[in-house]
Structures are given as C-alpha cells and as structure tokens.
Amino acid sequence: MLVFLAGGAGYIGSHTAVELQNSGHDIVIADNYSNSSPEVIKRISELTHRDVAAYEADVCDKAAMLRIMTAHRIDCVMHFAGLKAVGESVKKPLAYYRNNIDATLTLLECMQKCDIHSIVFSSSATVYGEENPYPYVETMPRGRCSNPYGWTKSMMEQILEDAARADPRLSVVLLRYFNPIGAHQSGLLGEDPQGVPNNLMPYVAQVAVGRRDHLTIFGHDYPTPDGTCRRDYIHVMDLAAGHVRAVEYAAEHKGTAVFNLGTGMPYSVLDIVTAFERNSGVRVRYEFGPRREGDLPEFWADADKARKILGWSASRNLDDMCRDSWNWQKRNPAGYKTGCL
Ligand code: NAD
Ligand code: WQD
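The structure presented is a predicted model; accordingly, all values stated were derived computationally and were not measured.

S.K.: Account for the site of ligand 2, with residues named and values stated.
M.R.: In the vicinity of ligand 2 there are 18 residues, among which Ser 124, Tyr 149, Thr 216, Arg 231 and Asp 295 approach most closely. In the model, a nitrogen atom of ligand 2 is placed 2.8 Å from a nitrogen or oxygen of the Thr 216 main chain. Taken by itself ligand 2 offers 690 Å² of open surface, and the protein chains cover 88% of this. Counting residues per element, the shell around ligand 2 draws most heavily on strand β8 (residues 215-218), which supplies 4 residues. The residue inventory of the shell around ligand 2, partitioned by class, reads 9 nonpolar, 6 polar and 3 charged.

Structural data, given as structure tokens:
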C-alpha cells in the first residue's frame with residue numbers, strides 16, 4: 001500500500017515510516033518541519049535503503065495537500081501532524097486549535113476530493129480525561145481534558161467519527177497512544193524536542209548526556225507505590241509496528257475503530273530513572289519538586305483490544321526502551337543538528 005504520512009518527519013512518524021517500508025509498504029511524507037528536521041528524511045532513506053518522497057508543506061494548506069494527493073495513488077493517510085506540547089497549549093490555545101483542527105479538516109476534505117477512504121489518526125490516552133478509572137478501555141467515554149492540547153485530540157476524534165458516519169466508504173482508525181519513549185535501535189532516529197523537553201524520557205536522556213544539570217521529579221507524595229506518578233511507557237518501534245497493523249486493518253474495514261496502543265504495565269518516574277541508569281551506566285541527578293498541574297497520579301492501558309483484533313502487542317520492555325533512548329541521545333547529543341558522532 002502507499003501510505004501518506006502527514007507530519008511524518010516527527011518522532012513517531014519517522015519511526016513508523018521505517019517500519020512501513022520494512023513491511024513492504026510505500027510512503028510519501030509531508031511535513032512543515034515546525035518540530036522536526038529535513039535531516040530525518042535522509043536518515044529514513046539511509047535505514048531503508050530507499051528513496052523517500054518528501055514534501056515540505058503545511059498540512060493546513062489545501063492546495064498543497066491536493067497537489068500531493070493527486071500526484072500519488074495514496075491508499076491511506078496517517079495523520080501525525082499536530083502541535084503536542086501540553087503546557088504551550090495552555091498559553092497558546094488558539095494556535096493549537098487552529099493548527100490541529102485545521103490540519104484534520106483539510107486532510108479529510110482533500111481525501112474526499114481525491115477518493116482516498118482510509119485514515120489512521122494519532123490520538124492520545126489524554127482523551128480519557130480525568131474521570132475514567134484505569135486501566136483505560138476503549139469502550140469508556142471520552143472524558144474532560146485538562147488542557148487545550150487534549151481537547152484538540154478529543155475534538156478531532158469526534159470530527160473523524162462524524163466524517164465516517166456520513167460516508168460509508170470511509171475507514172477511520174483512532175490510535176490512542178500511551179507514553180511513547182525509546183528510539184530506533186540504530187541510534188539514527190529518536191526524539192529531538194526543541195528547547196527544554198516537556199516529557200520525562202528526553203529530559204532524563206539530556207541530563208545523562210550533560211545537556212541539563214538535573215531532573216526535577218514532579219511530586220513524590222502521590223498515592224502510588226513509591227509516591228511518584230505511574231505511566232504506561234511504550235517503545236516507539238512497538239508503536240510503529242501497531243501502525244502497520246492499523247493500516248492493514250483500515251484497508252479491510254469501514255467505519256471508526258479505536259485502539260489503545262500501550263503495554264498495560266505502569267512504571268513510576270523513579271522506575272524510569274533507575275532503569276535508565278542501569279542501561280546507560282550513567283547517573284541521572286534528580287531532585288523532588290512540587291506536583292505539575294494537571295498530572296494524574298497514574299493510568300495505563302487495557303491493551304487487549306489491539307491484541308485480539310489487530311494481532312498486535314508490545315514486545316519491547318523497559319530496559320529496551322531505556323537502552324535505545326540512551327543510544328540515540330549519546331550518538332546525537334544535540335539531536336539532529338549535529339549528525340551522528
Ligand atoms: P512531533 O512533533 O515529533 O511530530 C509531529 C510532526 O508534525 C512534526 O514533524 C511537525 O513538524 C509536524 N507538523 C505539525 N503541524 C504541522 C502542519 N500544520 N503541517 C505539516 N506538518 C506539521 O510529535 P510526535 O511525538 O511524533 O507526535 C505525533 C502525533 O502523535 C501528534 O499528533 C501527537 O499529538 C500525537 N501523540 C504524541 C504522543 C507523544 O507522547 N509523543 C502521545 C500521544 C499522541
Ligand atoms: C510522565 C511523568 C510527570 C517531566 C504527556 C501528555 C500526553 C501524551 C504523552 C500526547 C509524569 C513526570 C515529567 C519532568 C517529571 N502526549 N515528569 N519531570 O504527562 O504522562 O503525558 O505526554 O498526547 O497527552 O500529557 O508525560 O512525559 O510529560 O510525564 O517528573 O521533567 O513524568 O509528572 O508523571 P505525561 P510526561
């Protein structure tokens with residue numbers, strides 16, 4: 001199949017691009033590089049020994065999307081293109097609503113015009129909101145989100161579901177990611193946040209490589225086994241494999257299907273620090289700080305539906321995640337800017 005990856009130069013899109021090509025699919029990428037680099041395209045090509053059709057384009061630009069969709073016989077769209085920093089979304093809600101919702105509407109309108117009937121969407125565990133009990137199951141209603149980023153995901157799920165309800169030819173797969181970490185085992189691809197990392201693993205990795213002095217652990221008085229928050233961390237290459245199964249599922253089904261992509265196993269912040277130190281041999285300095293507003297004490301996935309219906313489950317453990325995150329960070333201490341050491 002030919003898969004169009006909107007936002008495909010980003011962290012999850014780039015790993016999925018490699019996995020798709022290695023599974024025999026073809027890809028086309030569009031990205032405006034607002035949170036990524038053209039260097040990523042070169043590395044995908046290096047890893048797969050194949051040329052990659054890539055366009056520098058804004059997914060909200062309808063004319064550009066129509067040009068790409070008419071130039072290629074696309075079977076399925078994977079929609080990764082979005083702004084994703086939770087804290088920034090609180091400060092700049094309009095930018096988040098504009099970019100994320102507009103990109104989704106533009107893709108759907110262009111797909112309709114170009115007779116493309118299959119879309120896999122990057123959703124998030126954040127749509128379960130604050131009220132649902134864990135583990136989260138796909139049958140639970142979407143909840144109340146604590147920030148505009150989360151609301152964009154919730155609204156985009158609704159838009160996609162409504163589009164599928166109105167068009168019986170359309171297949172929508174909503175993938176709710178839990179906490180993706182890790183990197184491609186080669187160390188050529190990984191997570192390269194701009195500025196100060198918001199997420200735990202890139203922060204830990206940057207402390208280990210000497211870019212940051214120490215990690216601040218947000219709260220140690222939660223009602224969890226060690227007092228720090230627990231999350232369902234999933235290796236980005238397992239996530240990528242889930243996308244390959246999702247695109248194949250979408251080709252055979254109509255309507256909307258929702259899948260959690262997680263491991264079903266929660267780990268605390270202290271578990272992550274300890275596992276990272278064990279796998280890198282480097283000490284990660286940390287201090288305890290106050291709780292971060294909006295953080296839930298713990299949540300994880302019920303990962304049964306993806307296992308039963310997609311035949312997918314995560315195969316990499318926390319040691320693999322930490323080892324690969326470290327391999328990426330130590331080879332690329334300044335991310336994609338420096339190239340490999
Ligand atoms: P990322 O920022 O690395 O990748 C997103 C890519 O989209 C970037 O390359 C960015 O340049 C591009 N982009 C953004 N807006 C665009 C636009 N208007 N036009 C063209 N390109 C645009 O993020 P990621 O971690 O790879 O996440 C991918 C998707 O998965 C996002 O939608 C994110 O919200 C979602 N998600 C991520 C996580 C996570 O923890 N990483 C968890 C759940 C869901
Ligand atoms: C993990 C744990 C922090 C940084 C976010 C989004 C979610 C999804 C994934 C996109 C928490 C703690 C973190 C630090 C810390 N993204 N932490 N010190 O908050 O579970 O989820 O990313 O959809 O929507 O909300 O991930 O990596 O930010 O935090 O102690 O410097 O690490 O408190 O317990 P989170 P995270």
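Once you've had a look at it, read on.
S.K.: Pulling in residues and values, what's your account of unusual backbone geometry?
M.R.: A cis amide bond, omega 0°, links Tyr 134 with the succeeding residue Pro 135. Summarising the element assignment, Pro 135 is placed in the loop between β5 (118-124) and α6 (148-166). In this structure, His 49 is a non-glycine residue whose phi angle is positive, near 55°. Residue position: His 49 is located in the loop between α2 (39-48) and β3 (53-56).

S.K.: Describe in detail empty space enclosed by the protein, supporting the description with residues and values.
M.R.: Regions of empty space are outlined by a rolling probe, equal in size to a water molecule, passed over the atoms. Counted under the stated rule, the structure contains 2 cavities of 30 Å³ or more. Its boundaries defined by the atoms lining it, the largest cavity holds a volume of some 70 Å³. Lining the largest cavity are Tyr 11, Ile 181, Gly 182, Glu 191, Met 201, Pro 202, Ala 205, Ser 325, Trp 328 and Gln 329. The set of elements that each furnish at least two residues to the lining of the largest cavity consists of α7 (200-208) and α11 (318-331). Within the lining of the largest cavity, the residues separate by chemical class into 6 nonpolar, 3 polar and 1 charged. The space that makes up the second largest cavity amounts to roughly 30 Å³.

S.K.: Talk me through the environment of Ile 101; I want residue IDs and the actual numbers.
M.R.: Looking at the secondary structure, you find Ile 101 in helix α5 (residues 93-113). Look at Ile 101 and you get buried, because its relative accessible area is 13%. Sequence separation between Ile 101 and Trp 300 is 199 residues; the distance between their C-alpha atoms is 26 Å. Filtering out sequence-adjacent residues up to four positions away, Ile 101 remains in contact with Tyr 96, Thr 152, Met 155, Met 156 and Ile 159.

S.K.: Break down the environment of Gly 311 for me, with residues and values.
M.R.: Along the chain, Gly 311 turns up in the loop between α10 (304-310) and α11. Separated by 303 residues in the primary sequence, Gly 311 and Gly 8 place their C-alpha atoms 24 Å from one another.

S.K.: Requested: an account of the packing of aromatic side chains, with residues and values cited.
M.R.: On inspection of all chains with the given rule, the structure shows 9 aromatic pairs. When the centroid spacing of 5.0 Å and the interplanar angle of 40° are considered together, the rings of Tyr 134 and Trp 300 count as tilted. Residue Tyr 134 is found in the loop between β5 and α6, and its partner Trp 300 is found in the loop between β13 (286-289) and α10; the two are separated by 166 residues along the sequence. Under the relative-accessibility criterion, Tyr 134 is labelled partly exposed at 36%. Taken together, the ring pairs connect Tyr 128, Tyr 136, Phe 178 and Phe 299 into an aromatic cluster. In this structure, Arg 291 is placed above the aromatic ring of Tyr 222, and the distance from its NZ or CZ to the ring centre is 4.0 Å.

S.K.: Give me the lowdown on the site of ligand 1, citing residues and values where you can.
M.R.: The environment of ligand 1 is formed by 27 residues, the closest being Ile 12, Asp 31, Asn 35, Ser 36 and Tyr 149. Taking Asp 58, its side chain carries an N or O atom lying 3.0 Å from a nitrogen atom of ligand 1. Interatomic distance of 2.8 Å between a side-chain N/O atom of Asn 99 and a nitrogen atom of ligand 1. Computed on the free molecule, ligand 1 has an accessible area of 810 Å², of which 96% lies beneath the protein chains in the complex. Listing elements by their share of the shell around ligand 1, those giving two or more residues are α1 (11-22), β5 and α6. Looking at the shell around ligand 1, its residues break down into 12 nonpolar, 11 polar and 4 charged.

Criteria and cut-off values
- Residues numbered from 1 in each chain as written.
- Chains lettered and ligands numbered in written order.
- Predicted model: local features only at pLDDT ≥ 70, side-chain atom pairs only at ≥ 80, totals over all residues.
- Heavy atoms only, no water.
- Near = heavy atom within 4 Å.
- Polar contact = N/O pair within 3.5 Å; in protein donor to acceptor, adjacent residues only side chain to side chain.
- Areas by Shrake-Rupley, 256 points an atom, 1.4 Å probe, with all protein chains shown as cover.
- Helix = DSSP H or I, 4+ residues; strand = E, 2+ residues; numbered from the N terminus.
- Nonpolar A, V, L, I, M, F, W, Y, C, P; charged D, E, K, R; others polar.
- 1 Å grid on protein atoms, 1.4 Å probe; cavity = no way out; pocket = protein on both sides within 12 Å on 5 of 7 lines; lining within 4 Å.
- Points joined across faces, edges and corners; volume = space filled by probe spheres on them.
- Buried < 20%, exposed > 50% of the residue type's maximum accessible area, 1.4 Å probe, protein only.
- Contact = heavy atoms within 4.5 Å.
- Phe/Tyr/Trp six-rings, centres within 6.5 Å; stacked < 30°, edge-to-face > 60°.
- Lys NZ or Arg CZ within 6 Å of the ring centre and 35° of its normal.

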